[in-house]
Structure formats: structure tokens, C-alpha cells
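Chain residues, written in single-letter form:
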Amino acid sequence: MLSEILSIDDIKFDDKGLVPAIVVNNDTKKILMLAYMNKESFKISLEKKLTCFYSRSRQKLWLKGETSGNYQHIIKILADCDRDTLLIFVKPDGPACHLGNESCFVDELFVDENANDFSINALYDLIKDRKINPPEKSYTSYLFEKGLDKILKKIGEESTEVIIAAKNSKEETVYEIADLIYHLLVLMVEMNIAPDEIIKELASRHVIDHKIKQETMK
């Protein structure tokens, strides 16, 4: 079933005139925060393409980032099937949490020890921790200790191994690509390059490519 294009009149605000809005980082898909909107803040959000909410505690509108500078640029807004909850995808200018965290959701209540919670961001954070708090006999810490030239040498070696593996089998290529990506993440930590920066660069190239295609089709 295809999604519908909705208007503000389709949204089901509660008896207090509010609707919950879950904010998501459009690049990483990480949940950033939960806030509430009324019709006025929703209209402002659409007009400015910036998230604007209604504060239940202060009982007033607040444009996210107006005082902190951490604006949230809206990419798209989705409504759930009951049309009483919003999902807002944004490109944030800074942390969503007033405590300075990227997301308001950081305190763990339960973690299944058997669950596979792997992500590139989690691996990046682990590698970063290996640089700040180097444990004994850690290969990652060893790379940081030897410095940039050693890291670059390993990337060169791993790139060559990917090329050789691609001539042999898919399984071997997957293994070698994983090694290469790991060493690239080490380089990123060494040069203080966050995964989000790479994603933003790739996204900008996609937009440029899309515009070129549109112009070509005219």
C-alpha cells in the first residue's frame, strides 16, 4: 500500500491539543529525542523547516536551537498508522540533549547480553576508547602508539589484500573488506573524523548527482 500525503488536519492531536514527535537523525537513523507539538508549533516547523515544539512544563512554544544553536533541519515528517504520533527526520546542527549528548536516550535500563548490537558507530566508539584508554596487548592501541605512518601503511596493505581477494572468492573479499574498514576507522579516530562526516559527504554527492541527472533529462 502506498503512503498518503497528509496535511495538518489529518493529524490526531490529543485532548490537550498535542501530538508526540520522535526526532531521528536522518543520516544515522539514531533516535535523538521525544517532544510534543501543537498545531501552531507544527505549522512553524513546516514554515521554517526547523523543529519547533510545545513545552508542557513551560506551556510555551520553543524553537529547538534558538538559544543553543543546535537547530534541527527537517528532512521529512512521517505519521504513524493511527496518525497520532510523528516521526521527524532531521539533520542536526549539534547535540539534541540539553546535557550535551547527541541523543537524550543514553541511560540503559536493560541490555540482552546475547543480543548482537553491532554498528559502525559502536565500533568507532570502541576504537576511540582504545586510543584514550589503551589496554595492554591491544592491537588497536598499538596502531595509535606507532602513529599515522603505521596506520597508513596498514591501510595500503589491506587495500592490496582486498584486490587480491576479489580475484579469488566472495567470502575472502568480505573478510578483507572488513579488515580494511576497521583500519579506516582507526585512521578516522586518529584524524578526529566522525562517521557522520563521511555520511554527510556521501549524502552531498548523492544530491549533486541527482541534480546533474535532472538537468541532463531537461
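Nothing here was measured: the structure is a model prediction, and the numbers come from that model.

K.L.:
Can you walk me through the packing of helix 4 (residues 148–166) against helix 5 (residues 170–190) in this structure?
P.N.:
The relative placement of two packed helices comes down to the angle between their axes together with the axis-to-axis distance. Direction vectors running N to C along helix 4 and helix 5 enclose 160 degrees, while the axes themselves pass 9 Å from each other. The pairing of helix 4 with helix 5 is recorded here as roughly antiparallel in orientation. The handedness of the crossing between helix 4 and helix 5 is left-handed. In contact with Leu 148, Ile 151, Leu 152, Lys 154, Ile 155, Glu 158, Ser 159, Glu 161, Val 162, Ala 165 and Ala 166 of helix 4, helix 5 contributes Glu 172, Thr 173, Glu 176, Ile 177, Asp 179, Leu 180, His 183, Leu 184, Val 186, Leu 187 and Glu 190. In terms of residue class, the contact of helix 4 with helix 5 is built from 12 nonpolar, 3 polar and 7 charged.

K.L.:
Before we go on, may I ask you to explain the nonpolar core in this structure?
P.N.:
A general trend in soluble globular proteins is that nonpolar side chains are found buried together. Counting 17 residues, the largest nonpolar core has Met 33, Met 37, Phe 53, Leu 86 and Ile 88 as its most contacted members. At the level of secondary structure, the elements contributing two or more residues to this core comprise strand 1 (19–25), strand 2 (31–37) and strand 6 (86–92). Among the elements that line this core, the one with the most residues is strand 2, at 4 residues. What Leu 86 contacts, discounting residues up to four positions off in sequence, is Ile 11, Val 19, Pro 20, Ala 21, Ile 22, Met 37, Phe 42, Ile 77, Leu 78 and Ala 79. Counting 14 residues, the second largest nonpolar core, distinct from the first, contains Ile 127, Phe 144, Ile 155 and Val 186.

K.L.:
Any chance you could explain the environment of Met 37 here in plain terms?
P.N.:
Summarising the element assignment, Met 37 is placed in strand 2. Put simply, Met 37 and Lys 154 are 117 residues apart on the chain and 50 Å apart in space, counted from C-alpha to C-alpha. Those residues in contact with Met 37, other than ones at most four positions away along the chain, are Phe 13, Gly 17, Leu 18, Val 19, Ala 21, Phe 42, Ser 45, Cys 52, Phe 53, Tyr 54, Leu 86 and Ile 88.

K.L.:
I tried to follow helix 3 (residues 139–146) on my own but got confused; where do I start?
P.N.:
Three- or four-residue spacings in an α-helix give side chains the same orientation, since the helix completes a turn every 3.6 residues. For helix 3, the complete set of buried residues consists of Thr 140, Ser 141, Leu 143 and Phe 144. The buried residues of helix 3 all sit within an arc of 155 degrees when viewed along its axis, so they share a single face.

K.L.:
How should I be thinking about the pairing of strand 2 in this particular structure?
P.N.:
Every regular strand shows the same layout, with side chains that alternate between the two sheet faces. Where strand 1 meets strand 2, 6 bridges bridge the pair, whose relative direction is antiparallel. Of the residues in strand 2, the one forming a bridge with Val 24 is Ile 31. Between strand 1 and strand 2, which pair antiparallel in sequence order, lie 5 residues; one of them, Lys 29, sits at a positive phi of approximately 65 degrees.

K.L.:
How should the sheet that holds strand 2 be read in this particular structure?
P.N.:
Hydrogen bonds between backbone groups are what pair the strands of a sheet, and the pairing can be parallel or antiparallel. In space, the 4 strands of this open sheet follow the order 2-1-6-5, with mixed pairing throughout. Among the strands making up the open sheet, the edge pair consists of strand 2 and strand 5 (72–79). On average, each strand axis in the sheet is tilted by 25 degrees relative to the strand beside it, whichever way the strands run. Bridge count between strand 1 and strand 6: 5 bridges; the pairing is parallel. Within strand 6, the residue paired with Asn 25 across the bridge is Val 90.

Conventions adopted
Residues numbered from 1 in each chain as written. Predicted model: local features only at pLDDT ≥ 70, side-chain atom pairs only at ≥ 80, totals over all residues. Heavy atoms only, no water. Axes fitted to C-alpha atoms, helices over the stretch in contact; angles between N-to-C directions. Helix = DSSP H or I, 4+ residues; strand = E, 2+ residues; numbered from the N terminus. Parallel < 35°, antiparallel > 145°, perpendicular 65-115°, else oblique. Left-handed = near helix turned anticlockwise from the far one by under 90°. Contact = heavy atoms within 4.5 Å. Nonpolar A, V, L, I, M, F, W, Y, C, P; charged D, E, K, R; others polar. Core = buried A, V, L, I, M, F, W, Y, C linked by side-chain atoms within 4.5 Å. Buried < 20%, exposed > 50% of the residue type's maximum accessible area, 1.4 Å probe, protein only. Arc of directions from axis to C-beta. Pairing = 2+ DSSP bridges.

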